[in-house]
Amino acid sequence: MIQIDHVTFSYGEETEHTGGVRDIELQIKRGEFAVLCGESGCGKTTITRLINGLIPHYYEGKMSGGVWVNGAEVSKQPLYDTAKIVGSVFQNPRSQFFNVDTTSEITFGCENLGQPAETIRARLERTVCDFRLEKLMDRNIFHLSGGEKQKVACAGVSIMEPEVLVLDEPSSNLDAASISDLRKTLAFWKSQGKTIIVSEHRLYYLRGLADRFIYMKGGKITREYTAEEFNGLSEQARTEIGLRTFALEQLQPPQTPQCTGTELELKQFRFAYPHGSSILHIQDCTIPAGRIVGIIGNNGAGKSTFSRCFCGLEKRCGEVIWNGRRYRSKDRLNTCYMVMQEVNHQLFTETVLDEVLISMEEPDTKQAEEILTRLDLLLFRDRHPMSLSGGQKQRVAIASAIASKRSILFFDEPTSGLDPAGAVLFRKIIEEERQKGTTVFLTTHNMLDADLLCDRVAFITNGNIVALDTPQNLKEKNSNHRIVVSYLYQGKRKEQTIEAPELKAGIPFAYDEIISIHSQEPTLEDVFIQYTGRGLS
């Protein structure tokens, strides 16, 4: 796919031995994810410019050797032809913007290549969906955050559907949350089979994505590592050659041990989307930690918004106090893991095994295979996740959540796509997580799951928690007890269920003989009707 054949390049009036690169020989296969790493000035950025054609078409200097991309020699074809094959994301996305509004910026590349309007509209719609950019459309670019600008830059490249993507230190100006978004974008491209080259100093967020690490020093490639070999290097060994940490946990505050605190205190959980009315307005609430908590409510009640806010996916939405520490939105991103109902949005890699490994802080194949075995997925370890059935994909997402070892797990309708055997496996897995002290939130319409699994159930309506207790206590407090009456009428045995208050005025139907009267155990849906006035939708 990419071949660099004994290339030497120096900038401007410099000699070939100062600056640039020297005698670079490199091949990158189609669909490979390669990382260029090394100290500042080692030549990483120069390699990216050789691939995307900025050298020699934009940056002047002295060059020998040749660069081929997809069989075409870069130096001998116009830059706009290379741009059809190679998409670039620069260190500062503002340096590649040509428009003021986001929508025009994303479509600019396609328009510049003269693509038909219908094609551009279709690609825009698909790109907005793939990158979840609905909230960023038609916005002023200069009003966006750094992470949002990076998303727009990536979308503007992706819409052109290049086969090769080159990124030069894309994380350098991003905060932790935006780096997490960038990783998801790279994983999405990798899942599409794109050839990806990233020049980086920050390496931790590329763990589990990159296939090869190319180490440069003094303008030369001095060592190449497979992902497994690079993983096997000690932190000291990486430090000695001038590389940053590869262990994410060393960049984050130490995780608070699980189960040392018994309660999660929610403070000022209020949220409204821009130009919209308030969706969530929970003043203060205490939820037990280390338990399974069911979240129940009608569609539009605020369940998903509550989950997104708790996980830190929505900014500026209250605090969680746990073990004496205040967890703001950014902090919660590193503490929670959420499995969405539509799991296609969070499957990124090319194999089921890689999907589990990518969620681990320290990739461990043996442990990943054990988790896959527990969810009856080991036979599919080498299958592409998108080739699986809906229930199998759901189990893959659940396996990734378990492998993440996050302190708090959120599952949105986790059994909706599972067959009975899959549902049993899920319930067993969740019980095991509770035994470990993990806090599990279960958003569900399945009352059986809520009754069988949950230690606590929270009813949400109109963006507020209207009830929070154990399933049994909620049912015992329910005033709408039903009474089952068995009786004979006109020689036939019949049975009717009536509300308890109706008995105060006597049996409200005709009968010849009462056989039995017994109380019916209220269900959680009965309790929900009591609080909301209507059944679950």
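What comes next is a walk through the structure. All values reported here derive from a predicted model rather than from experimental measurement.

1. Concerning the overall build of the protein
Here's step 1: Across its full length, the protein carries 18 helices and 23 strands.
Here's step 2: C-alpha atoms of the protein, sized along the principal axes, occupy 110 × 50 × 45 Å.
Here's step 3: Among the 537 residues that make up the protein, the fraction classed as buried is 50%.
Here's step 4: Within the protein, contacts between residues at least 6 apart in sequence are counted, and of these 66% link residues at least 24 apart.
Here's step 5: Working note: accessible area of the protein is about 24,700 Å², and carbon and sulfur atoms make up 48% of it.

2. Here we look at the pairing of strand β4 (residues 61-69)
Here's step 1: Here strand β1 (residues 2-11) pairs with β4 via eight bridges, running antiparallel. Paired with F9 across the strands is M63, a residue of β4.

3. Topic: the packing of aromatic side chains
Here's step 1: Overall, the coordinates contain 17 aromatic pairs when judged by the stated rule.
Here's step 2: Relative to F310, the ring of F306 has its centre 6.0 Å away and its plane inclined at 55°; by these criteria the two rings are tilted. Placement of the pair is F306 and F310 together in helix α10 (residues 303-311), with a separation of four residues, close to one helical turn. Here the two residues F306 and F310 agree in accessibility, since each one is buried.
Here's step 3: Seen from their ring centres, F310 and F410 are 5.3 Å apart, and the 50° between their planes marks the pair as tilted.

4. So, the nonpolar core
Here's step 1: With 47 residues, the main nonpolar core has F33, L167, L186 and W189 as its most contacted residues.
Here's step 2: A per-element tally of this core places helix α7 (residues 176-191) first, with six residues.
Here's step 3: Grouped together as the second largest cluster of nonpolar side chains are 44 residues, I292, A397, F426 and L474 included.

5. Some points on the packing of helix α4 (residues 102-112) against helix α6 (residues 146-158)
Here's step 1: Between α4 and α6, whose axes approach to 7 Å, the crossing angle comes to 35°. Of the two possible hands of crossing, α4 and α6 adopt the one that is right-handed. Contact residues: T102, E105 and I106 in α4; V152, A155 and G156 in α6.
Here's step 2: Residue composition of the contact of α4 with α6, grouped by class: three nonpolar, two polar and one charged.

6. Brief notes about the pattern of salt bridges
One side chain can pair with another of opposite charge once the charged atoms of both are near each other.
Here's step 1: Enumeration according to the criterion identifies 24 salt bridges in this entry.
Here's step 2: A salt bridge links R126 to E161; the nearest nitrogen and oxygen atoms lie 2.6 Å apart. Separated by 35 residues along the polypeptide, R126 in helix α5 (residues 117-131) and E161 in the loop between α6 and β7 (164-168) bring together distant segments of the chain.
Here's step 3: Residue R126 is classed as partly exposed on the basis of its relative accessible area of 40%.
Here's step 4: Judged by its relative accessible area of 36%, E161 is partly exposed.

7. Considering the sheet that holds β1
Here's step 1: One open sheet accounts for four strands, arranged β2-β1-β4-β5; its pairing is antiparallel. Two strands bound the open sheet, and with one partner strand each, they are β2 (21-28) and β5 (72-73).
Here's step 2: Direction of pairing for β1 relative to β2: antiparallel, over a ladder of five bridges. Bridge pairing in β2 places F9 opposite V21.
Here's step 3: Together, β1, β2 and β4 form the strand contacts of helix α1 (residues 44-52), whose direction differs from that of β1 by roughly 120°.

8. Focus: the environment of I292
Here's step 1: For I292, the position within the fold is in strand β13 (residues 292-296).
Here's step 2: Its relative accessible area of 0% is what places I292 among the buried residues.
Here's step 3: Each C-alpha atom, one on I292 and one on G437, is 9.8 Å from the other, the two residues being 145 residues apart in sequence.
Here's step 4: Contact partners of I292, with chain neighbours within four places excluded, come to I430, R434, V440, L453, C454, D455 and R456.

9. Observations regarding the sheet that holds strand β17 (residues 408-412)
Here's step 1: Within the open sheet, the six strands sit side by side as β16-β17-β18-β13-β19-β20. Their pairing is mixed. Pairing within the sheet leaves two strands with one partner each, and these edge strands are β16 (336-339) and β20 (464-469). Averaged over all neighbouring strand pairs, the angle between strand axes comes to 20°, with direction disregarded.
Here's step 2: Two elements, β17 and strand β18 (residues 439-443), share five bridges in a ladder whose sense is parallel. If you follow F410 over to β18, its bridge partner there is F441.
Here's step 3: Against the sheet, α10 contacts β13, β16, β17, β18, β19 (456-461) and β20, and its axis sits at roughly 155° relative to β17.

10. Section: α6
Here's step 1: Between the first and last C-alpha of α6 there are 18 Å, a value that for 13 residues agrees with the 18 Å anticipated at 1.5 Å per step.
Here's step 2: The buried count for α6 comes to ten of 13 residues, which makes it a mostly enclosed element.
Here's step 3: Within the span of α6, buried status applies to G147, K149, Q150, V152, A153, C154, A155, G156, V157 and S158.

Reading guide: rules and limits
- Residues numbered from 1 in each chain as written.
- Predicted model: local features only at pLDDT ≥ 70, side-chain atom pairs only at ≥ 80, totals over all residues.
- Heavy atoms only, no water.
- Helix = DSSP H or I, 4+ residues; strand = E, 2+ residues; numbered from the N terminus.
- Buried < 20%, exposed > 50% of the residue type's maximum accessible area, 1.4 Å probe, protein only.
- Contact = heavy atoms within 4.5 Å.
- Areas by Shrake-Rupley, 256 points an atom, 1.4 Å probe, with all protein chains shown as cover.
- Pairing = 2+ DSSP bridges.
- Phe/Tyr/Trp six-rings, centres within 6.5 Å; stacked < 30°, edge-to-face > 60°.
- Core = buried A, V, L, I, M, F, W, Y, C linked by side-chain atoms within 4.5 Å.
- Axes fitted to C-alpha atoms, helices over the stretch in contact; angles between N-to-C directions.
- Left-handed = near helix turned anticlockwise from the far one by under 90°.
- Nonpolar A, V, L, I, M, F, W, Y, C, P; charged D, E, K, R; others polar.
- Salt bridge = Lys/Arg side-chain N within 4 Å of Asp/Glu carboxyl O.
- Expected span 1.5 Å × (residues − 1).

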